[in-house]
Amino acid sequence: MNFSQYLVDAFGSLTSNKLRSSLTILGIVIGVAAVVSMLAIGQGAENSISNSINNIGTNLLFISSGGGPGVRVTNPKPLLLSDVTVLSDPSQAPDVEYVTGVLNIRGDVSANGQDTSTSVVGVSPNYAVMRNLTVAEGEFITSDNINTRSAVAVIGTDVATNLFNRTDNIVGQTIRVQNQLFKVIGVLESKGGGGFGSQDNQVLVPITTAQSRLARRANRNQVDQILISAASSSQVQAAETEVTQILRSRHHLADNAQADFYILSQSDILSSASSITGTLTVFLGGIGGISLVVGGIGIMNIMLVTVTERTREIGLRKALGARKRDIRAQFLIESLLLSMLGGAIGVLLAWVISNLIAQISEANGTPITPSISLNAVLLATFFSAGVGCFFGLYPANRAANLEPVEALRAE
Amino acid sequence: MGEGIKMDGNHSVIQAKDLVKTYKMGEVEVHALCGVTLTIQRGEVVSIMGPSGSGKSTLLDILGCLDLPSSGDYILDGETVEKLNDDQLASIRNRKVGFVFQSFNLLPRSTALSNVELPMTYAGVSGKDRRQRARSALEAVGLADRMDHKPTELSGGQQQRVAIARALVNNPAIVLADEPTGNLDSKSGKEIMELLLKSNQERGTTLVIVTHDPNIAAQTQRVLHLSDGELVPAEVST
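Residues numbered from 1 in each chain as written. Chains lettered and ligands numbered in written order. Predicted model: local features only at pLDDT ≥ 70, side-chain atom pairs only at ≥ 80, totals over all residues.

A. Representation of the domain arrangement of chain A in the model. Domain annotation of chain A identifies domain 1 (3–54 + 271–409) and domain 2 (78–250). Computed from C-alpha atoms alone, the centre-to-centre distance between domain 1 of chain A and domain 2 of chain A is 54 Å. (Domains from an automatic or database assignment.)

B. Spatial organisation of the sheet that holds strand β5 (residues 79–80) of chain B. All names here are of chain B. A sheet is described by the order of its strands in space; here 4 strands give the open sequence β2-β1-β4-β5, paired in antiparallel fashion. Every other strand in the sheet has two partners, leaving β2 (28–41) and β5 as the edge strands with one partner each. Pairing of strand β1 (residues 12–25) with strand β4 (residues 71–76) involves 5 bridges; the strand directions are antiparallel. Counterpart to V20 in the pairing with β4 is S71. (Pairing = 2+ DSSP bridges. Helix = DSSP H or I, 4+ residues; strand = E, 2+ residues; numbered from the N terminus.)

C. Layout of the confidence of the model for chain B. All names here are of chain B. In the predicted model, chain B carries a mean pLDDT of 90, and the fraction of residues at 70 or more is 94%. Low pLDDT, under 50, characterises residues 1–9; the predicted model gives this stretch 15 contacts beyond four residues in sequence or across chains. Both scores are available for the predicted complex, with the pTM at 0.76 and the ipTM at 0.91. (pLDDT = per-residue confidence, 0-100. Contact = placed C-beta atoms within 7 Å.)

D. Seen up close, the nonpolar core. Residues and elements named next belong to chain A. V36, A153 and I228 are the most contacted members of the largest nonpolar core, which totals 175 residues. Broken down by element, this core gets its largest block of residues, 16 residues, from helix α2 (residues 18–55). Of the residues that make up this core, three or more belong to each of domain 1 (3–54 + 271–409) and domain 2 (78–250). The contacts of I228, once residues within four sequence positions are left out, are L61, I63, L87, V96, V99, A239 and V243. (Core = buried A, V, L, I, M, F, W, Y, C linked by C-beta atoms within 7 Å. Buried ≥ 20, exposed ≤ 12 C-beta atoms within 10 Å, placed from the backbone.)

E. Structural view of the environment of L195 of chain B. All names here are of chain B. Residue placement: L195 occurs in helix α6 (residues 186–203). Residue L195 is classed as buried on the basis of its C-beta count, with 21 C-beta atoms lying within 10 Å. Taking the C-alpha atoms as reference, L195 lies 26 Å from T58; in sequence the two are 137 residues apart. Those residues in contact with L195 that sit more than four places away from it in its chain are V141, R161 and I164.

F. Main features of the interface of chain A and chain B. Between chain A and chain B, the residue contacts involve 17 residues of the former and 18 residues of the latter. Elements represented by at least two residues in the side of chain A that touches chain B include exactly α1 (3–15), α10 (311–319), α11 (324–363) and α13 (404–409) of chain A. Per element, the largest residue contribution to the side of chain A that touches chain B is 4 residues, and it comes from α10 of chain A.

G. View of helix α1 (residues 56–63) of chain B. For α1 of chain B, a buried count of 8 out of 8 residues is recorded, marking the element as mostly surrounded by other parts of the structure. Directly beyond the C-terminal end of α1 of chain B, a positive phi value near 60 degrees is found at C65 of chain B.

H. Main features of the packing of helix α3 (residues 112–123) of chain B against helix α4 (residues 127–140) of chain B. Residues and elements named next belong to chain B. At a minimum axis separation of 9 Å, α3 and α4 run at an interaxial angle of 120 degrees. The angle between α3 and α4 falls in the class oblique. Crossing of α3 over α4 shows right-handed handedness. Two secondary-structure elements touch here, α3 through A112, L113, V116, E117, M120 and T121 and α4 through R130, R131, R133, A134, A137 and L138. (Axes fitted to C-alpha atoms, helices over the stretch in contact; angles between N-to-C directions. Parallel < 35°, antiparallel > 145°, perpendicular 65-115°, else oblique. Left-handed = near helix turned anticlockwise from the far one by under 90°.)

I. Region of the structure containing the sheet that holds strand β7 (residues 174–178) of chain B. Residues and elements named next belong to chain B. Across the sheet, 6 strands lie side by side as β6-β7-β8-β3-β9-β10; this open sheet has mixed pairing. This sheet does not close on itself; its edge strands, each paired only once, are β6 (97–100) and β10 (230–232). Going across the sheet, the axis of each strand differs from the next one's by a mean of 25 degrees, ignoring polarity. Those strands touched by helix α5 (residues 156–168) are β6 and β7, and its axis lies near 170 degrees from that of β6.

J. Seen up close, unusual backbone geometry. All names here are of chain B. The backbone of D77 shows a phi angle near 50 degrees, a positive value even though the residue is not glycine. Of note, D77 is situated in the loop between β4 and β5. Residue classification places D77 among the partly exposed positions, given that 19 C-beta atoms sit within 10 Å. One non-glycine residue, N105, lies in the positive phi region at around 55 degrees. Inspection of the secondary structure assignment puts N105 in the loop between β6 and α3. A residue is classified by how many C-beta atoms lie within 10 Å of it, and N105, with 21 of them, is buried.

K. Helix α8 (residues 236–250) of chain A, seen in detail. All names here are of chain A. Its 15 residues place the ends of α8 21 Å apart at the C-alpha level, agreeing with the 21 Å of an ideal helix rising 1.5 Å per residue. Looking only at α8, the buried set comprises V236, A239, V243 and L247. Taken end-on, α8 shows its buried residues confined to a sector of 60 degrees, consistent with a single buried face. Across from the buried face of α8, at angles greater than 90 degrees, the exposed residues are Q245 and S249. (Expected span 1.5 Å × (residues − 1). Arc of directions from axis to C-beta.)

L. Quick peek at the packing of α2 of chain A against helix α12 (residues 374–400) of chain A. All names here are of chain A. One way to put it is that α2 packs onto α12 with a least axis distance of 10 Å and a crossing angle of 150 degrees. On the basis of the axis angle, α2 is roughly antiparallel to α12. Of the two elements, α2 crosses α12, and the hand of that crossing is right-handed. Across the interface between the two elements, I28, V32, V35, V36, L39 and A40 from α2 touch A376, V377, A380, F383, S384 and V387 from α12. Of the residues that constitute the contact of α2 with α12, the class distribution is 11 nonpolar, 1 polar and no charged. (Nonpolar A, V, L, I, M, F, W, Y, C, P; charged D, E, K, R; others polar.)

Structure below.
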């Protein structure tokens, strides 16, 4: 007996009991749709998170004073603007391309009688290149602004909308930060949302101006953070080593002493975020997998009923010369057909679900684009075939091992 | 070849010696056959009679290679049966035995044509050849115009004709009929018997018919009487 004959037979027996077959298939449809769409959502979340991390710049190192997460350091030395100057020196740190100090300042910003709560950040001109920021109108902070400590600001589009109800024709307006007047010299191009603190909701001022007028720090020279970018991704490691050496010697640390600053690289953030989303994906896929197993048990159940119902038919086929493997193949192909049909419909359903979720998440302002990868589809196909085989084998073997005499006489 | 049996060589289709079949029902051993020895010649028409429980069905199961004897020798058309495994038995049934059952045993979802094709699919006959042979087998039993009907659309007599076509289509050495007219009215029953006997006359098919009906047994060349698992002379069983 050849394969197409088995297939025709299996199809015939499935269509002869349409309601039962479609309910059995439904179990697999739900299982496969769950696995594929869960994996797609996990993948989509991972993509959108890594996108927003990549959005903050390229090959960045974030240096902060103190011991880093979970490490206590007593009396850490602050980071200073003079550290920034030294790190900018190519002869001392050849793998470092750009450096900027960063000062984070609290305070409401107002204009036109409108108030908005936002973050005010003191930065140097390099900041624009390092964080991939471009100005939509006007210009970014210049070295002149730095040298003269000018009261100027570059604002994000959210701030512009909140204060002026528009995003263009804003250059030349004045805003108040901590009740001091700043002239708007530029508006940043919108970068869109992203979990990492919207870059559209910030006010950038020259770091020197921030130090002298806005920040109340013990040391006027102090910066909160130093941001460094390496010239290329292969130089990130070398840059980190150079920065560590320079800061250790400037802080007069002994060779074995705990560093009183810590360096976080962009790739560290990326890898820890993707390990979280990876876990999430596995977790979601696992939940889907459970429903697939339940669907498989449904197949086994129905196939056992089918074998019992068709005992006489099995006996007859054996009397007419069917070998064990003919009977086994017949029932195995029937359960495979059930599970593969379910798998195919399940992938289609997953596609519909993913698109639905994409639209819902976009409507809610946190766009996740679920991506159904070829891998997920192949996985689901193999998995549903595997489920069909695994849960079909026992009923098929039971059918194959029936004694012809007893099967023929069965009622 | 089985030892001890060397009779008329090519002329006998069935050579059985001392067939014993014992079932275990719980602790009790049931002797369904207690040493049956029989020979059936090629082209012979033989009927087996006996009260229920006499072992007719068991004997038929063994002759049809559906079951193996507990002991004894059985040679079917030159092949020693008792040592074969399940798959070899399936192959023997497929090539050498045609079954006709009391309750027809057709596949309900398949057409008459597909039902007749079934033994050939297990024999590995190609689709085109299969179809053609099934058609001529159905024509031979007078069902040329019913080939695409399903069993539910056929009368009992017509269903049994399909079953006979199915039994003959692989050109078996022997056709075993278990009460072939038992579920039919007397007119259809008569037609079915005519059909079976015609296949014997025209193709020389060896027929073994199990029956309760003395009228049917009267149409066969030889009647075997079975009682309590043993062949007995005619007077004792009647």
